[in-house]
Every structure is written in structure tokens, then in C-alpha cells.
Amino acid sequence: MDGMRGDPAALLLLADSRLPAGGHAHSGGVEEAVRLGTVTDVDDLARFLRGRLATAGLVTAALSAAACELAAGEPDVVGRAGGTAAAGSPAPPVRPYAMDASWRTGGNGGPGAAASEVAAAEDLRRRLWRRLDDEADARTASPAQREAARTQGRLLLRTARRLWPSPALETLARAIPEGPHHPIALGAAAASAGCEPQQAALAAAYTSVTGPATAAVRLLGLDPVTVHRLLADLAPALNDAAHAACASLMDTVLTDTTLTDTTLTDPALTDAALDDTTPAGPALSGPAPSGPAGMDASPGSAGPPPGDAPGSAQTGWRGGWAGLPGHSAPALDLLAEGHLANPMKLFVS
């Protein structure tokens, strides 16, 4: 994709079905579709894959991009978030909030930060991860799909912590001990591996169709070359999905709050705005940040974050993922629930 930075080798590893994270055991609904006679040949599979990419694929791509953005602000990940610069050239820019240490380490981010500030910043990071995982939960109507997503996420997180150890992955593991949704784990792993959000979105979109395609080959005995031709034909749509996923972040990924001794203990921030017991959903997310003259601030725009003018307090960040897509796919939900109830099956989901 034009202009994409980040580590391309890490992207290949993340999208590889041979990555020991359990992805090969999931059919993405195609096994139940085969059982019901909905998918019987290559043409049926082509329609299934396009529909899945346009719904669940787009949603998971956006969630992965958001998770990658969030993880990019963790300590020791900031330096990798923008990719590797060519010799003699400045490092690629990273997101404004990734450069602000206050939300990661408390106070001014310096070595003299009080222990209470550091603990409060750690608690805030965990709340952010839980809130983003809640956004994934709210976009997954089927209990069977939620269970499958958490199983895959837990396995991917375990593998990623060994391949690309980082504070972001450790924070995520502590924040969601039962296992995050797969796209959340994928985005965090992508950032830890040196990838950018657009790459995380592309990996999520890609795996949303390759898993079902591979399963269909095994279930129907289809010609693997013919099925891979379907995937090749989907390449432009995969790029479009990754672009659309990142575009959904442009308005709403983050809204700013001031991370001071006052706001770290502010009930509006710690108990209401980010409380993991509050039902999550697009309607509950914060408003989009605004730039000069009322223009929405692009997450990748230059300059200090809103409220970080000279002389002001350091700016922290909290999630506001209202713009993430929520395309429903009732057919996939029904397939997942039917598959769960079927005692004779080859794939976990």
C-alpha cells in the first residue's frame, strides 16, 4: 500500500496462517454454511467471502487499527510505531499522543514521577484496553462469536508476548485476563512488532477471508488454486477495507483529557468515562476532537494535541471510538450459533 511504513516482515508473520495462534482451527462460519448447503461451490464461496469482508472483516480491521494506535503509545513501543527511517533521514512521525508520556507514566513522565501517578497511569492504560475490548464486544452480537474471538485473542496474545515482548502486550494481558477479542490482540501485537495501524487493519481484513477460504478447500474439496484466485481477486477490496478502517479512526480514535493529579482521581474519568462495568457501544463513546476552525483533527496531523498549548498541563488520552464501524452480519451470527450446537464438526468455530 502506497506510503505505508512499518515492518513488512512482521506484517507477513502476523498474517501467516502458520503462526501458532490457533487461527487454523476456525472456519469463520463457512463450515456451518457448507452443512446448511449455503456454500456448495466456488461461486458461493466468492459471495460468502465478499460479504464477510464487507461486514465482519471491516469491523475487525477497524478494531485492530484502533488497538495498534493505542498500543503505539505504550513505553518502548513509541520508537517502533513509526517504522524504520532510512539512513540519514529523520524518523517517521508517530501519533501525537504516542509522544506524550503523561498518560503512560503519570505526571510529567519524568523519572521523578510520584508512585501514585505511575499507578494511576497504569490503571488508566488498563481501563483504556478494557474499554476498547468492550467496543469489540458490543460489535459481536453472537455469544458463540464472542467466545471464538476471545479464544483466538488469548492464543494470539500468548504467542505475541513471546515473539515481540512489549509493555503494551503485558498491560493488555493484565487488563483482560480472560483474553481480549482477536482484533484487539492483533492490533497490539502489530504495534509491538513495529507495524502501523494500516498494516494491522490489512492483516485483520486478510485473515477474515483466508481462514474461511482455507476451510472451504478442506470441507468441499475445492481446487486450492481456484480458491486462491478468489483471494487474489479480493486484493483491491482488502486494501479498501484497510483504508476504510483507518479512515474511521480519523475522527474519533482519541479525545484529550488533562492527566494531572486532579483528573487522575476525577470520577468523570476513572469511574464513568472509562468504567469497564458501563455497557459499551458506539453511542457511549466520546466526541471527536476538533482542530482549528472546528475542523476535525486528523490523528496523524502535525502539531500538539488539543489542549497541549505552551504553558498548559500535559495532555493524556482516553478512548473515544464512536466512529468505528458496526456493520452487522446477522447471517454470520446465525451460522456461529448453529455451528456451536452442531456436535459433528471439524473446526472450532
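Coordinates for the structure precede this section.
Residues numbered from 1 in each chain as written. Predicted model: local features only at pLDDT ≥ 70, side-chain atom pairs only at ≥ 80, totals over all residues. Heavy atoms only, no water.

For the rest of this paragraph, the subject is the overall build of the chain. For the chain, the count of helices and strands is 17 helices and two strands. Classification of the 349 residues of the chain by burial places 52% in the buried group. The long-range share in the chain, meaning contacts at least 24 apart out of those at least 6 apart in sequence, stands at 81%. Only carbon and sulfur atoms are counted for the fraction: they give 58% of the accessible area of the chain, which is about 15200 Å². (Helix = DSSP H or I, 4+ residues; strand = E, 2+ residues; numbered from the N terminus. Buried < 20%, exposed > 50% of the residue type's maximum accessible area, 1.4 Å probe, protein only. Contact = heavy atoms within 4.5 Å. Areas by Shrake-Rupley, 256 points an atom, 1.4 Å probe, with all protein chains shown as cover.)

Moving on: the pattern of salt bridges. Within this structure, the stated rule accounts for 13 salt bridges. Where Arg126 meets Glu122, a salt bridge forms, and the shortest distance between an N and an O atom there is 3.0 Å. Remark: Glu122 and Arg126 occur in helix α7 (residues 115–138); sequence separation between them is four residues, near one turn of the helix. The class of Glu122 is buried, set by a relative accessible area of 13%. Beyond isolated ion pairs, a larger network of salt bridges with shared partners links Glu122, Arg125, Arg126 and Arg174. (Salt bridge = Lys/Arg side-chain N within 4 Å of Asp/Glu carboxyl O.)

With that out of the way, let us pick up helix α8 (residues 143–163). Spanning 21 residues, α8 covers 30 Å between terminal C-alpha atoms, matching the ideal 30 Å at 1.5 Å per step. Taken together, the buried positions of α8 are occupied by Ala144, Ala148, Ala149, Arg150, Gln152, Gly153, Leu156, Leu157, Thr159 and Ala160. Packed against the buried residues of α8 are α7, α9 (167–175), α10 (182–192) and α17 (330–341). One side-chain oxygen at the N-terminal end of α8 lies 3.2 Å from the backbone nitrogen of Ala144; it belongs to Ser142. (Expected span 1.5 Å × (residues − 1). Polar contact = N/O pair within 3.5 Å; in protein donor to acceptor, adjacent residues only side chain to side chain.)

Counted under the stated rule, the structure contains zero disulfides. Cys68 carries a free sulfur, and the closest cysteine sulfur to it, the one in Cys195, is 7.0 Å from it. (Disulfide = S-S within 2.5 Å.)

Along the chain, the position of Ala331 falls in helix α17. Residue classification places Ala331 among the exposed residues on the basis of a relative accessible area of 53%. The spatial distance from the C-alpha of Ala331 to the C-alpha of Gly51 is 9.9 Å, given a sequence separation of 280 residues.

Our next topic: the packing of α8 against α10. At a closest axis distance of 7 Å, the pairing of α8 and α10 adopts a crossing angle of 20°. Between α8 and α10, the interaxial angle falls into the category roughly parallel. For the element pair α8 and α10, the recorded crossing hand is left-handed. Contact residues: Ala149, Gln152, Gly153, Leu156, Leu157 and Ala160 in α8; His182, Ala185, Leu186 and Ala189 in α10. Partitioning the contact of α8 with α10 into residue classes produces seven nonpolar, three polar and no charged. (Axes fitted to C-alpha atoms, helices over the stretch in contact; angles between N-to-C directions. Parallel < 35°, antiparallel > 145°, perpendicular 65-115°, else oblique. Left-handed = near helix turned anticlockwise from the far one by under 90°. Nonpolar A, V, L, I, M, F, W, Y, C, P; charged D, E, K, R; others polar.)

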